[in-house]
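Fold and geometry: a report
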Amino acid sequence: MKCIIDTDPGADDVLALIMALNAAQMDILALTTVEGNATLAHTTANALRLLEYMGRTDIPVYAGSSEPLVGEFHHAYEVHGDEGLTVRLPDTDMPPANGDAVDFIIETALETPGEVTLFALGPLTNVARALMKEERLKDALRRVYIMGGTGDSGGNVTPYAEFNIYDDPHAANAVFGSGAPVTLLGLNISHQTSIARDDEVWFTGDAPGERLAARIVENWFELGQAEQRFSMHDPVTIMAALRPDLIRTRAATLSVETEGERVGEITADYDSGGSVDVAVGVESEEALSFMRGLLRG
Ligand code: RIB
Ligand code: CA
């Protein structure tokens, strides 16, 4: 599976990236970075350092958007640490690849139509800009797996909105309305695939990715004292792509509120079908054990 992963690493982004790197079926063509959890400089540095740590500097990192389609990004340093990651990874001298994330996504998908799967783990700014710049992209992508939205859960930024959608609601509207084949996994799914701070089984094992994931999650709990569970927000997109049998989806047409008190709220119309497959259920235990196995490699 040829893949491009658009990401704002970010603690849970890094767990998703470790799982993707360990998945034999996934041929990661590049990471593209977007501002969100942290500034573009931090998310790009975190992506480069992770690839160095995992011995995968063969994978290029293309930096993307440092501002949403409208307005400014809100960050989440209070959750992800002062450089956007709860672990200080060793520096790398690997620079970002030359070229912009948006152009890389377009060119790569059009080179092999129908073959590239795109994962969107942060605000949808890069994905929206690519779809708006190249009309053929929506048909060239095999599928777009997105972590975003609340589903029937409450929001994590406001009661109505989840962070990735809240941070660029205009981009979310553009992506959901583009006709690209989207699978959307929201908080309704990731809250069912979370781990408790005393779930020892997640913090044993000595594979490199497993050890790093354990340190990231342990520090995440340290930082957010009140938190009792770590939700596998971004990792569920990797799980859904590799084990579609573990999720249940419904086709929908989505619209996103772009202003006012409910900015970022998604309204789903399930009656008229549509190009977005919204995840409405997950086999939680099997999904968690599958993701734990992927961390182990
Ligand atoms: O709401 C969770 C999402 O926002 C995750 O992608 C997390 O990394 C943050 O970007
Ligand atoms: Ca993310």
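Preceding this paragraph is the structure being described.
So, here's what we can say about the structure. None of these values were measured; they are calculated from a predicted model. (Residues numbered from 1 in each chain as written. Chains lettered and ligands numbered in written order. Predicted model: local features only at pLDDT ≥ 70, side-chain atom pairs only at ≥ 80, totals over all residues. Heavy atoms only, no water.)

Pairing in this open sheet of nine strands is mixed, and the strands run 3-2-1-4-5-6-11-9-10 from one edge to the other. For this open sheet the edge positions go to strand 3 (61-63) and strand 10 (266-269), each flanked by a neighbour on one side alone. Across this sheet, the average inter-strand angle for adjacent strands is 30°, counted without regard to direction. Those strands touched by helix 1 (residues 11-22) are strand 1 (2-7) and strand 2 (27-33), and its axis lies near 170° from that of strand 1. (Pairing = 2+ DSSP bridges. Helix = DSSP H or I, 4+ residues; strand = E, 2+ residues; numbered from the N terminus. Axes fitted to C-alpha atoms, helices over the stretch in contact; angles between N-to-C directions. Contact = heavy atoms within 4.5 Å.)

Residues L69, V70 and M132 make up a contiguous nonpolar surface patch of about 270 Å² in total accessible area. Locating M132 in the fold gives a position in helix 5 (residues 125-133). Residue class for M132 comes out exposed when judged on its relative accessible area of 52%. (Patch = residues over 30% accessible without salt bridge, like charges linked within 9 Å, V, L, I, M, F, W, Y side chains within 5 Å. Areas by Shrake-Rupley, 256 points an atom, 1.4 Å probe, with all protein chains shown as cover. Salt bridge = Lys/Arg side-chain N within 4 Å of Asp/Glu carboxyl O. Buried < 20%, exposed > 50% of the residue type's maximum accessible area, 1.4 Å probe, protein only.)

Looking at the metal site, the calcium ion (ligand 2) is ligated by D8 (OD), D13 (OD), D13 (OD), L121 (O) and D234 (OD), spaced 2.2 to 2.6 Å from it. Taken in chain order, the donor set of the calcium ion (ligand 2) reads D-x4-D-x107-L-x112-D. Of the two residues, D13 is situated in helix 1 and D234 in the loop between strand 8 (229-231) and helix 11 (235-242); the sequence distance between them amounts to 221 residues. Given a relative accessible area of 0%, D13 falls into the buried group. Overall, the relative accessible area of 1% leaves D234 in the buried class. (Donors = N, O, S within 2.8 Å, 3.2 Å for Na, K, Ca; no water.)

Turning our eyes to something else, we now look at the side chain of D12. In this structure, D12 sits in helix 1. Salt bridges are absent for the buried D12, whose nearest opposite-charge side chain, R229, sits at 14 Å. Here D12 is in contact with H80, F230, S231, H233, D234 and P235, once residues within four sequence places are set aside. (Lys, Arg positive; Asp, Glu negative; His and termini not counted.)

Time to look at the site of ligand 1. Taken together, D8, D12, D13, N37, L121, M147, N156, E162, F163, N164, H233 and D234 are the residues near ligand 1. Within the side chain of N156, one N or O atom sits 2.8 Å away from an oxygen atom of ligand 1. Considering ligand 1 on its own, with 270 Å² of exposed area, one finds that the protein chains cover 97% of that surface. Among the secondary structure elements, those contributing two or more residues to the shell around ligand 1 are helix 1 and helix 7 (163-167). Its residues assigned to classes, the shell around ligand 1 shows three nonpolar, four polar and five charged. (Near = heavy atom within 4 Å. Polar contact = N/O pair within 3.5 Å; in protein donor to acceptor, adjacent residues only side chain to side chain. Nonpolar A, V, L, I, M, F, W, Y, C, P; charged D, E, K, R; others polar.)

Attention now moves to the pairing of strand 11 (residues 276-282). With five of seven residues buried, strand 11 is to be regarded as a mostly interior element. For strand 6 (residues 182-185) and strand 11, the ladder comprises three bridges, and the chain directions are parallel. Looking across to strand 11, one finds that L184 is bridged to V278. Examined bridge by bridge, strand 9 (residues 247-256) and strand 11 share six bridges and lie antiparallel to one another. Bridged to I247 within strand 11 is V282.

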